Amino acid sequence: MNDSAPDALSKRKDYGSIALEEGSLSSDPIEQLMAWVAEADAAGIYEPNAMVLSTIDPGGAPSSRTVLLRGIDEHGLYFYTDYGSRKGLALLANPEVSVVFPWYAQHRQVLIYGHASPVDSEVSDAYFATRPRGSQIGAWSSEQSRPIESREALEARVLEMERRFADNPDIPRPESWGGFVIEPQRMEFWAGRTSRLHDRVSFDRESRGWSVTRLQP
Ligand SMILES: Cc1cc2nc3c(=O)[nH]c(=O)nc-3n(C[C@H](O)[C@H](O)[C@H](O)COP(=O)(O)O)c2cc1C
């Protein structure tokens, strides 16, 4: 180990003593996730709906990035992005994803494995219409994940789009921008406990309902 490693790398925190009991969790893990997002929000967590999404590209390489959870229902977890981005292209070729909700300040994480599919265009239209105009112009101006020669070139593209839509009170959704819904197959609820004896409760999708398993820390 490098002796000059910053202190941050050697800190040890003692995690909480709040038990995660199978019986205190909802029998529906999607409902339980909603409850934990709401509790993260109530606890003042910055971006409580941020999740780290990992995808696999056609060559088999994994990649991860943060996206925001924008909806959740019985079908799964909704987020929005550019279908032509690195993640968009990866998902159109291989729907398998892994997701982490990292609520470190609460000694909690939720890990999800599932399949992502594009949502119906009406769902994307409806969500796009709720976005601030600046974000809508941004979606038209950026071909997410593709190289660009400079910041100036991006800003010039924004000006061009502002001119293009100057007379449109409602900006239409670009075809290449929209939502995915992640249907979870496995959801693990993790709560940090003292001496690294953490609680882990895994929900695995069965043909009807979910099986519940406690995992070793
Ligand atoms: C807090 C946070 C929230 C983000 N939310 C989104 C999002 O909802 N959708 C999105 O496309 N990118 C979002 N991003 C940007 C992505 O992390 C990423 O840079 C971008 O989507 C390009 O990823 P890709 O090249 O792997 O496709 C967010 C970044 C951060 C830090």
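Each value, and the rule that gives it
- Residues numbered from 1 in each chain as written.
- Predicted model: local features only at pLDDT ≥ 70, side-chain atom pairs only at ≥ 80, totals over all residues.
- Heavy atoms only, no water.
- Near = heavy atom within 4 Å.
- Polar contact = N/O pair within 3.5 Å; in protein donor to acceptor, adjacent residues only side chain to side chain.
- Areas by Shrake-Rupley, 256 points an atom, 1.4 Å probe, with all protein chains shown as cover.
- Helix = DSSP H or I, 4+ residues; strand = E, 2+ residues; numbered from the N terminus.
- Nonpolar A, V, L, I, M, F, W, Y, C, P; charged D, E, K, R; others polar.
- Axes fitted to C-alpha atoms, helices over the stretch in contact; angles between N-to-C directions.
- Left-handed = near helix turned anticlockwise from the far one by under 90°.
- Contact = heavy atoms within 4.5 Å.
- Salt bridge = Lys/Arg side-chain N within 4 Å of Asp/Glu carboxyl O.
- Buried < 20%, exposed > 50% of the residue type's maximum accessible area, 1.4 Å probe, protein only.

A. How the structure looks around the site of the ligand. In the vicinity of the ligand, the contacting residues are Arg65, Thr66, Val67, Leu68, Tyr80, Thr81, Ser85, Arg86, Lys87, Gln144 and Ser145. For the ligand, an oxygen atom lies 2.6 Å from a polar atom in the side chain of threonine 81. The protein chains hide 64% of the 620 Å² of surface that the ligand would expose on its own. Among the elements of the structure, strand E2 (62–68), strand E4 (76–82) and helix H2 (86–93) are those that each provide at least two residues to the shell around the ligand. Take the shell around the ligand: its biggest share by element is four residues, from E2. Partitioning the shell around the ligand into residue classes produces three nonpolar, five polar and three charged.

B. The arrangement of the packing of helix H4 (residues 133–141) against helix H5 (residues 151–164) in detail. The interhelical angle for the contact between H4 and H5, taken along N-to-C directions, is 115 degrees, at an axis separation of 9 Å. In the packing of H4 onto H5, the handedness of the crossing is right-handed. Contacts between H4 and H5 pair Ile137, Trp140 and Ser141 from the former with Leu154, Arg157, Val158, Met161, Glu162 and Arg164 from the latter. Here the contact of H4 with H5 is built from residues that sort into five nonpolar, one polar and three charged.

C. The pattern of salt bridges, seen in detail. For the coordinates displayed, the defined rule picks out eight salt bridges. Here arginine 214 ties to glutamate 22 by a salt bridge, and the two come within 2.8 Å at their closest N and O atoms. Of this pair, arginine 214 sits in strand E9 (residues 210–214) while glutamate 22 sits in the segment before helix H1 (29–42), placing them 192 residues apart in sequence. In this structure, aspartate 125 engages arginine 173 in a salt bridge whose closest nitrogen and oxygen atoms are separated by 2.6 Å. Linking aspartate 125 in helix H3 (residues 121–130) with arginine 173 in the loop between H5 and strand E7 (177–191), this pair joins segments that are 48 residues apart in sequence. Judged by its relative accessible area of 38%, aspartate 125 falls in the partly exposed class. Salt bridges sharing common partners tie together Glu22, Arg193, Asp199 and Arg214.

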